[in-house]
Amino acid sequence: MLRGSVGIVVAIGLFVGMCTPAAAFDGSRKGFILGIGVGPSVTSFTQDLTGLGQDLSSDRENEFGLATDFKLGYAPNEQLQIYWASKVSWFALDNALGETVTVANGLGGAGVSWYLVPQSPSVYFTGAIGFSSWAVPFEEGATTSYGFGIAGGAGYEFAKHWSVEGLVGFGNPSDTEGDLELTTKALSARVTINVLGY
């Protein structure tokens with residue numbers, strides 16, 4: 001499911017890039033935007049299992065990993081950007097069988113950024129709201145949990161197209177199988193270096 005979603009987002013990005021006149025990426029923040037970012041992250045989470053007449057809660061775990069960021073959208077002026085955001089924290093975790101798996105804790109949804117001044121350098125504030133996800137995308141037959149997700153933070157565009165951004169996000173994806181429901185409450189903090197085409 002996650003791989004398919006990533007493929008669709010990449011295909012849309014390539015399509016927009018081919019269909020958009022070159023003037024759209026003219027160095028002005030106004031117009032179509034396409035950006036990526038990467039950096040370190042830490043994810044703090046608990047998991048609750050309910051059903052069959054009992055409730056179980058895990059201890060809080062903190063995992064360091066890699067944060068990725070993708071955005072595709074439009075800026076109606078030099079200071080406001082509206083876009084589709086995909087923010088994922090990747091980290092290794094030992095599952096119940098003692099195997100190490102790669103977890104993708106993500107947030108996808110509508111994002112907005114507001115720059116304090118029309119040109120770089122500039123401080124900006126950013127936020128996103130949509131769905132959260134919890135997946136082990138490289139494991140055969142694994143399912144993905146979904147729930148509500150929200151994130152907010154601030155950044156600094158230190159040069160045209162380049163910024164550093166700090167963001168905190170929360171999500172509570174859950175998955176039901178029979179009478180059992182597993183809910184993950186995850187809080188992620190991340191710092192990314194981003195490049196934004198505009």
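Refer to the structure above for everything that follows.
The shown structure was predicted, so the numbers you read here are calculated from the model rather than taken from an experiment.

The rules behind the values
Residues numbered from 1 in each chain as written. Predicted model: local features only at pLDDT ≥ 70, side-chain atom pairs only at ≥ 80, totals over all residues. Heavy atoms only, no water. Pairing = 2+ DSSP bridges. Helix = DSSP H or I, 4+ residues; strand = E, 2+ residues; numbered from the N terminus. Patch = residues over 30% accessible without salt bridge, like charges linked within 9 Å, V, L, I, M, F, W, Y side chains within 5 Å. Areas by Shrake-Rupley, 256 points an atom, 1.4 Å probe, with all protein chains shown as cover. Salt bridge = Lys/Arg side-chain N within 4 Å of Asp/Glu carboxyl O. Buried < 20%, exposed > 50% of the residue type's maximum accessible area, 1.4 Å probe, protein only. 1 Å grid on protein atoms, 1.4 Å probe; cavity = no way out; pocket = protein on both sides within 12 Å on 5 of 7 lines; lining within 4 Å. Points joined across faces, edges and corners; volume = space filled by probe spheres on them. Nonpolar A, V, L, I, M, F, W, Y, C, P; charged D, E, K, R; others polar. Contact = heavy atoms within 4.5 Å.

(A) Spatial organisation of the pairing of strand β10 (residues 180–197). Bridge count for strand β1 (residues 31–51) against β10 is 15 bridges, and the pairing is antiparallel. Opposite L49, over in β10, you have L182 as the bridge partner. Here 10 bridges tie strand β8 (residues 162–171) to β10, and the two strands are oriented antiparallel to one another. Each residue of the ladder has a partner; that of F170, found in β10, is L187. As paired elements, strand β9 (residues 174–177) and β10 share 4 bridges and run antiparallel to each other. Of the residues in β10, the one forming a bridge with E177 is L180.

(B) View of a nonpolar patch on the surface. The grouping of W114, L116, V117, V123, F125, Y156, F158, W162, V164, V191 and I193 at the surface amounts to a nonpolar patch, some 950 Å² of accessible area in total. Where the nonpolar patch is concerned, the elements lending two or more residues are β6 (122–135), β7 (145–159), β8 and β10. Its location among the elements puts F158 in strand β7. F158 sits in the partly exposed class, given a relative accessible area of 41%.

(C) Broad picture of empty space enclosed by the protein. Scanning the model with the defined rule gives 3 cavities of 30 Å³ or more in all. What the largest cavity holds in volume is close to 130 Å³. Contributing to the lining of the largest cavity are 14 residues, with N105, G106, L107, G169 and S188 lying nearest its centre. No other element matches β8, which puts 4 residues into the lining of the largest cavity. When its residues are assigned to classes, the lining of the largest cavity shows 5 nonpolar, 7 polar and 2 charged. Quantified by volume, the second largest cavity comes out at close to 100 Å³. Lining the second largest cavity are 16 residues, with K71, Y124, S163, N194 and L196 positioned closest to its centre. Where the lining of the second largest cavity is concerned, the elements lending two or more residues are β1, β3 (61–75), β8 and β10. Residues belonging to the lining of the second largest cavity are distributed by class as follows: 7 nonpolar, 5 polar and 4 charged.

(D) A look at the pattern of salt bridges. Applying the stated criterion to the full structure yields 5 salt bridges. Here R190 makes a salt bridge to D69, at a shortest N to O gap of 4.0 Å. Of this pair, R190 sits in strand β10 while D69 sits in strand β3; the two residues are 121 residues apart in sequence, bridging distant segments of the chain. Assigned by exposure class, R190 and D69 land together as buried. K87 is the partner of E165 in a salt bridge, and the nearest nitrogen-oxygen pair spans 3.9 Å. Remark: K87 occurs in strand β4 (residues 80–94) and E165 occurs in strand β8; sequence separation between them is 78 residues.

(E) Structural detail: the side chain of S41. Note on placement: S41 falls in strand β1. If we ignore the near neighbours within four places in the chain, the residues touching S41 are E63, F64, G65, L66, A67, S89, A189 and R190.

(F) Structural view of unusual backbone geometry. Residue P121 is reached from S120 by a cis peptide bond, and omega for that bond is 0°. Assignment of secondary structure puts P121 in the loop between β5 (100–115) and β6. The residue H161 is not glycine, and still its phi comes out positive at about 85°. As for its placement among the helices and strands, H161 is situated in the loop between β7 and β8. Classification of H161 by relative accessible area gives partly exposed; the value is 24%.

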